[in-house]
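Survey of secondary and tertiary structure
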Protein chains: 2
Amino acid sequence: MSRTDTSRRGSRQGRAGIRDVAAAAGVSITTVSDALNGKGRLPDATRRHVREVAERLGYRPSAAARTLRTGKSGLIGLTVTTYGEEPFTFTEFAYFAEMARAATSAALARGYALVILPATSRHDVWSNVALDGTVVIDPSDHDPVVTELVRQGLPVVSDGRPAGTLPVTAWVDNDHEAAVLDLLDHLAAAGARRIGLLTGTTTDTYTRLSTTAYLRWCERVGQDPVYESYPAHDPCAGAVAADRLLARPDRPDAVYGLFDPNGTDLLAAARRYGLRVPEDLLLVCCSESTVYATTEPPVTTLSLKPRRIGTAVVQLLIDAIEGIDTGRPVEQVIPTELIVRTSSQRRPPRTTVSAPRSPARD
Amino acid sequence: MSRTDTSRRGSRQGRAGIRDVAAAAGVSITTVSDALNGKGRLPDATRRHVREVAERLGYRPSAAARTLRTGKSGLIGLTVTTYGEEPFTFTEFAYFAEMARAATSAALARGYALVILPATSRHDVWSNVALDGTVVIDPSDHDPVVTELVRQGLPVVSDGRPAGTLPVTAWVDNDHEAAVLDLLDHLAAAGARRIGLLTGTTTDTYTRLSTTAYLRWCERVGQDPVYESYPAHDPCAGAVAADRLLARPDRPDAVYGLFDPNGTDLLAAARRYGLRVPEDLLLVCCSESTVYATTEPPVTTLSLKPRRIGTAVVQLLIDAIEGIDTGRPVEQVIPTELIVRTSSQRRPPRTTVSAPRSPARD
DNA sequence: CCTCCCAAGAGTCACGTTTCTGCATGATCA
DNA sequence: TGATCATGCAGAAACGTGACTCTTGGGAGG
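Rules used throughout
- Residues numbered from 1 in each chain as written.
- Chains lettered and ligands numbered in written order.
- Predicted model: local features only at pLDDT ≥ 70, side-chain atom pairs only at ≥ 80, totals over all residues.
- Heavy atoms only, no water.
- Helix = DSSP H or I, 4+ residues; strand = E, 2+ residues; numbered from the N terminus.
- Buried < 20%, exposed > 50% of the residue type's maximum accessible area, 1.4 Å probe, protein only.
- Contact = heavy atoms within 4.5 Å.
- Pairing = 2+ DSSP bridges.
- Axes fitted to C-alpha atoms, helices over the stretch in contact; angles between N-to-C directions.
- Salt bridge = Lys/Arg side-chain N within 4 Å of Asp/Glu carboxyl O.
- Near = heavy atom within 4 Å.
- Polar contact = N/O pair within 3.5 Å; in protein donor to acceptor, adjacent residues only side chain to side chain.
- Nonpolar A, V, L, I, M, F, W, Y, C, P; charged D, E, K, R; others polar.
- Arc of directions from axis to C-beta.
- Expected span 1.5 Å × (residues − 1).
- Phe/Tyr/Trp six-rings, centres within 6.5 Å; stacked < 30°, edge-to-face > 60°.

Attention now moves to the environment of Ala237(B). Residues and elements named next belong to chain B. With respect to the secondary-structure elements, Ala237 resides in helix α11 (residues 237–247). The exposure class assigned to Ala237 is buried, which follows from its relative accessible area of 14%. Sequence-wise, Ala237 and Asp265 are 28 residues apart; in three dimensions their C-alpha atoms are separated by 10.0 Å. Sequence-distant contacts of Ala237, defined by excluding residues within four places in its chain, comprise Tyr230 and Pro231.

Right, let's get into the sheet that holds strand β1 (residues 75–79) of chain A. Read from one edge of the open sheet, twelve strands run β13(A)-β7(A)-β6(A)-β5(A)-β1(A)-β4(A)-β4(B)-β1(B)-β5(B)-β6(B)-β7(B)-β13(B), paired in mixed fashion. The sheet is open, and its two edges are formed by β13 (331–334) of chain A together with β13 (331–334) of chain B, each paired on a single side. Across the sheet, the mean angle separating the axes of adjacent strands is 20° when strand polarity is ignored. As defined by bridge partners, strand β5 (residues 133–137) of chain A adjoins strand β6 (residues 156–159) of chain A across four bridges and the pair is classed as parallel. Residue pairing across strands places Val135(A) opposite Val157(A), the latter belonging to β6(A).

Let us now look at the pattern of salt bridges. Within this structure, the stated rule accounts for 32 salt bridges over all chains. Between Glu296(B) and Arg271(A) there is a salt bridge, and its shortest N-O distance comes to 3.1 Å. Highlighted residues: Glu296(B) in the loop between β11 (282–286) and β12 (300–303) and Arg271(A) in helix α12 (residues 262–272), drawn from two different chains. Accessibility expressed as a relative area gives 33% for Arg271(A), which makes it partly exposed.

The next subject is the protein's contact with DNA strand D. Taken together, the neighbourhood of DNA strand D is formed by 29 residues, with Ile18(A), Arg69(A), Ser28(B), Thr30(B) and Arg41(B) sitting nearest. Backbone atoms, meaning sugar plus phosphate, form 55% of the atoms of DNA strand D positioned within 4 Å of the protein. Contact between DNA strand D and Arg69(A): a base nitrogen at 2.2 Å from a side-chain N or O atom of the residue. Between Ser28(B) and DNA strand D, the recorded distance is 2.5 Å, taken from a backbone N or O atom to a phosphate oxygen. Mapped onto the surface near DNA strand D, the elements with two or more residues apiece are α2 (18–25), α3 (29–37) and α5 (63–70) of chain A together with α3 (29–37) and α5 (63–70) of chain B. With five residues, α5(A) is the largest single contributor of residues to the surface near DNA strand D. Across the surface near DNA strand D, the residue classes break down as nine nonpolar, eleven polar and nine charged.

Our next topic: helix α2 (residues 18–25) of chain B. Residues and elements named next belong to chain B. Residues of α2 that are buried include every one of Val21, Ala22 and Ala25, and no others. End-on view of α2: buried residues confined to an arc of 100°, all on one side of the axis. Packing partners of the buried residues in α2 comprise α3 and α4 (44–57). Looking one or two residues beyond α2, the residue adopting positive phi is Gly26, at roughly 70°.

Here the focus is α4(B). Residue and element names in this part refer to chain B. For α4, spanning 14 residues, the distance from its first C-alpha to its last is 20 Å, which sits close to the expected 20 Å at 1.5 Å a residue. By the burial criterion, the buried members of α4 are Arg47, Val50, Val53 and Ala54. The buried residues of α4 occupy an angular sector of 135° when the element is viewed end-on, so they sit on one face. Among the exposed residues of α4, those pointing more than 90 degrees away from its buried face are Asp44, Arg48, Glu52, Glu55 and Arg56. Buried-residue contacts for α4 involve α2 and α3. Where α4 ends, the next residue or the one after it, Gly58, has phi of about 65°, a positive value.

The next thing to look at is the side chain of Asp173(B). All names here are of chain B. Mapped onto the secondary structure, Asp173 falls in strand β7 (residues 170–174). Judged by relative accessible area, Asp173 falls into the buried class, the value being 4%. Apart from residues lying up to four places away in sequence, Asp173 is in contact with Gly160, Arg161, Gln332, Val333 and Ile334.

Below, the discussion takes up the packing of aromatic side chains. When we look at a pair of aromatic rings, we describe it by the centre distance and by the angle of the planes. Residue and element names in this part refer to chain A. Here the structure, examined in full by the defined rule, presents four aromatic pairs over all chains. Taking the centre distance of 6.2 Å and the plane angle of 70° together, the rings of Tyr206 and Phe259 count as edge-to-face. Of the two residues, Tyr206 sits in helix α10 (residues 205–221) while Phe259 sits in the loop between β10 (254–257) and α12, which places them 53 residues apart along the sequence. According to the relative accessible area criterion, Tyr206 is buried, its value standing at 12%. Relative to Phe259, the ring of Tyr230 lies with its centre 6.0 Å away and its plane at 85°, an arrangement referred to as edge-to-face. Here Tyr230, found in strand β9 (residues 226–230), pairs with Phe259, found in the loop between β10 and α12; they are 29 residues apart in sequence, far enough to count as distant. Across the pair, Phe259 and Tyr230 agree in class, each one buried. Among the aromatic residues, those joined into a ring-pair cluster are Tyr206, Tyr230 and Phe259.

Shown next, in the form of structure tokens:
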């Protein structure tokens, strides 16, 4: 007949709390907690009984209370850099979608959920969600969000090696330089004499590394660099830049486009100038889109394997959160894959160079 | 010199709590809370002082504690139906990406964040995150997740009208039937005599409504239906079905494809059969992808306006969460847009039918 | 017979907020 | 001058869990 009993009548509205379960089962709160969480030492009979009662009452433990008590929320932030007011950009579309999809699956498999949080979010949104850790995609140099998160003691894993001295817990990235060098060798082997590049004006790591790799390759083989830059986040500028590249007096006979839409843009530009692909112009672009398998002609693409990156990033983050010290290195390099199609081969391939792929697991 | 003071020394490790701020500012906890949240009646001097101290200590309120106390987490679930083990399917890729992007923006603007939660998640994940409400994309008939959420008293807004008697709070959808009828009229006006359909074997609402609209149209104009179905979630089956459709003895002279990749698949199939587009075959497909602007020829697409849908869904949900009774109807129909390009016009258009679109705001 | 120990569960505190109530102090007004 | 009132703040009660610490009863060992 304590005041407590009276004041907590019926457990507020609707939702049954742990107290209600305890009362209905005729045991204490502790017993309920232990029974449901598999802790403590209880006979199976009691455990079953409690679980049954909880089920009957439709009891769902309060996530907020559990988070407050344990300090773990089971939530992982997925931070994307933004251009303008929209999260993630046009050119990263397919990449981001694949990466996020894999990350979601991987997190879920380990009992975590993903929260999408653009880096430019209002500060109050960031502090309003209890995160156990964060994945950042392509953090900029000295990213204030990352710094703040690390200061709070949260693990941060980045997709893309961090620029400068950004103190991330771990990172996953491709070897962009090796990929570009490989790809250029592939084009040269297919007969390219002068390879052009379609690149971006932004200073992000991907663009920078790829471009310098191109310049180094040119220097090595003694070719004059032939490239055009454009602001990659502008959906229209790509077509214009592709046109400029093919209109040059020193027109290249092969082109590599760094961004996803470059393939279709370059195909369209080639048609305008009456260039046949691959006879007059060899073509490769970096893309995760499957449309390039059915274009006319199919276009060779460089895949950054976003699914593997998304999975790896989440695994590293959750390991850090749970304090698991796996043997895994905190810096992981994921190999890229060159999917060779008609556009980069002077004559039809005798054998399929990339193995026929079933729905693709990685 | 109470035990409380001693036991709470330094506020555990690192993170400063509201108590530390109160102590450092020489005021009570209440005053700190009021000062930071803009409540209560405090002179500006005190408010500024408290804020300054909080800033100096790097105080961040605990989201978990706030959620526990207020019952609001600021989190919205984004549920996607799954095929197999991956969240969202291949064919919905561009649609989902655009929709999720708009939803994220809209939620953020109102101080909410989005949590990605596939419908087939392990139950413990669902109950481990405190949601204020949920957006469900294309809920299936009698979806158990939706039922459970509603039972918990959470508002649920669906993208796509709910099948059966699913008790959602509100929904947003296109008028799929009207869109298909319009589109078929457009093809007929361009000279199509026999229009074929590439559709899916699944029974989701979109597929069902679109197909029956097609059948109704055929009946109205007295044309025999010519269609092929395939499992839409299989990336390879689409190409095969497109081929089948054009290989039929009663080959259509115009085709509408219900799914995103159908355009490129049909283009490829047409090339194999030596059919010129649009001279021998008119083509339209439902897609949000921008690649169809630069294919050869550019393909007319039906856009379901996922950005507007994503925005509308989130607005309705947050209104419901906050108990705002806007005049907005709880059932919103978003108009579709037919983006007319070369593939559906027997002769080049004299004027641009769809206005030249800048980066597209909606 | 006394003690010790272990199973089985009860009580209670703390997590970090928000918010309701309450208590002074000075100003206002009849 | 005494009653009323607004102001400026402090105290304390929740919110619903999880995790310690205690209590109780009974069996085994000395």
